[in-house]
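Okay, here's what each chain looks like letter by letter:
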Amino acid sequence: MTFYKTLILGLLLIPTLIFAQTESQKSALKKMVETEKAFAQTSLDKGTKDTFLEFLSNDAIVFDKGTAINGLEYWQKLDFKNLMIWQPTFAEITVSEELGYTLENFQVRSLAIDNRPISYGTSFSLWKKQTDGNWKIAVNFKVNHPEINPVTPLIKESFATFKPNELKNTAVLAERMVFMNDFFYWKNAKTSLNPFEPHLSQDIKLYRNNVLPILGREAAKNYLKKTHDKAIVYTGLKAIPSQAGDIVCVYGVISGKGKMGEYVRIWKQESKDVWKIVVEMVNMN
């Protein structure tokens, strides 16, 4: 009888534990989004350069002319006299609650010409929780494109839901798996008859310079089939996994045909060992 009482009590506790974990994830995402909003507001209050120097982590990566460089060093040297303003539109956090990312619609305004907008686009920020519990940017990336409907959007929140097996080396396994997938994704595009669709999430978000965001697998697949250049080489530089091994950010550089650029992808484990691209941002210079 004692065994059955224990079993019933355990079953009754399961929903409570799941609920508590969900609330914890929601709380972590809320704090990350609040930090993102503070990041945007600080640009208005203190100026863009000082804002990036405040919110970038010590080892944060940004990109300049096809090169991945330390973000703090980049912004310290940059003579940026304009104002960048932005509005977050999407945020997702991992099961382990220490890694997440946001997407933002931005515009750059000229302070020298009546605060006039001079460029628009979408930016990506990979957020990483620090040892003190605060969030800092680990990777920042942006592409320019025509202005999106200026109506202020409501930020859409998303939670990684797949929980990999509880292994001590989950993050290491995810990092290796995704880095390999990222390499063969574009390598196979030179020979495979259907190289893109198997790797794209149903809700993929695709970003390119001078092109409005391409949303959804069908639209992304059609765009990639029409625009993919087999002479362009994508070289991954680093994969940043979550501790849970459910989301991995890969960034790298692009070269070929006298061109250079950079890219960032978010790979998400949607089921066991099934990785899909949920965000891809490419900037060709």
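Residues numbered from 1 in each chain as written. Predicted model: local features only at pLDDT ≥ 70, side-chain atom pairs only at ≥ 80, totals over all residues. Heavy atoms only, no water.

1. A closer look at the sheet that holds strand β7 (residues 156-159)
Here comes step 1: Spatially, the 7 strands line up as an open sheet ordered β2-β1-β6-β5-β4-β3-β7, and their pairing is mixed. Edge positions in the sheet fall to β2 (67-70) and β7, since each of these pairs with one other strand and no more. Ignoring strand direction, the axes of neighbouring strands in this sheet form an average angle of 25°. (Pairing = 2+ DSSP bridges. Helix = DSSP H or I, 4+ residues; strand = E, 2+ residues; numbered from the N terminus. Axes fitted to C-alpha atoms, helices over the stretch in contact; angles between N-to-C directions.)

2. Some remarks on the confidence of the model for the protein chain
Here comes step 1: Predicted confidence across the protein chain gives a mean pLDDT of 89, with 89% of residues reaching 70 or more.
Here comes step 2: By mean pLDDT, helix α1 (residues 2-46) is the weakest element of the protein chain at 69, and helix α2 (residues 48-55) is the strongest at 98. (pLDDT = per-residue confidence, 0-100.)

3. With respect to the pairing of strand β11 (residues 247-256)
Here comes step 1: By the criterion of burial, β11 is predominantly enclosed, with 8 of the 10 residues buried.
Here comes step 2: Relative to β11, strand β10 (residues 233-241) runs antiparallel, the two being bridged by 8 bridges. In the strand pairing of β11, proline 241 is matched with valine 248.
Here comes step 3: Hairpin connection between β10 and β11: a loop of 5 residues separates the two successive antiparallel strands, and glycine 245 in this loop has a positive phi of roughly 75°.
Here comes step 4: Pairing of β11 with strand β12 (residues 259-271), which is carried by 10 bridges, proceeds in the antiparallel orientation. What sits directly across from valine 250, in β12, is arginine 265.
Here comes step 5: Turn length for the β11-β12 hairpin, with the two strands adjacent in sequence and antiparallel, is 2 residues, and the turn residue lysine 257 shows positive phi of about 55°. (Buried < 20%, exposed > 50% of the residue type's maximum accessible area, 1.4 Å probe, protein only.)

4. Regarding the sheet that holds β11
Here comes step 1: Judged by pairing direction, the sheet is mixed, and its 6 strands sit side by side in the order β9-β8-β13-β12-β11-β10 without closing on themselves. Edge positions in the sheet fall to β9 (211-215) and β10, since each has one partner strand and no second. Averaged over all pairs of adjacent strands, the angle between strand axes in this sheet comes to 15°, irrespective of strand direction.
Here comes step 2: The sheet contacts of helix α5 (residues 217-227) involve β8 (200-208), β9 and β13 (274-284), and relative to β8 the element is tilted by about 50°. (Contact = heavy atoms within 4.5 Å.)

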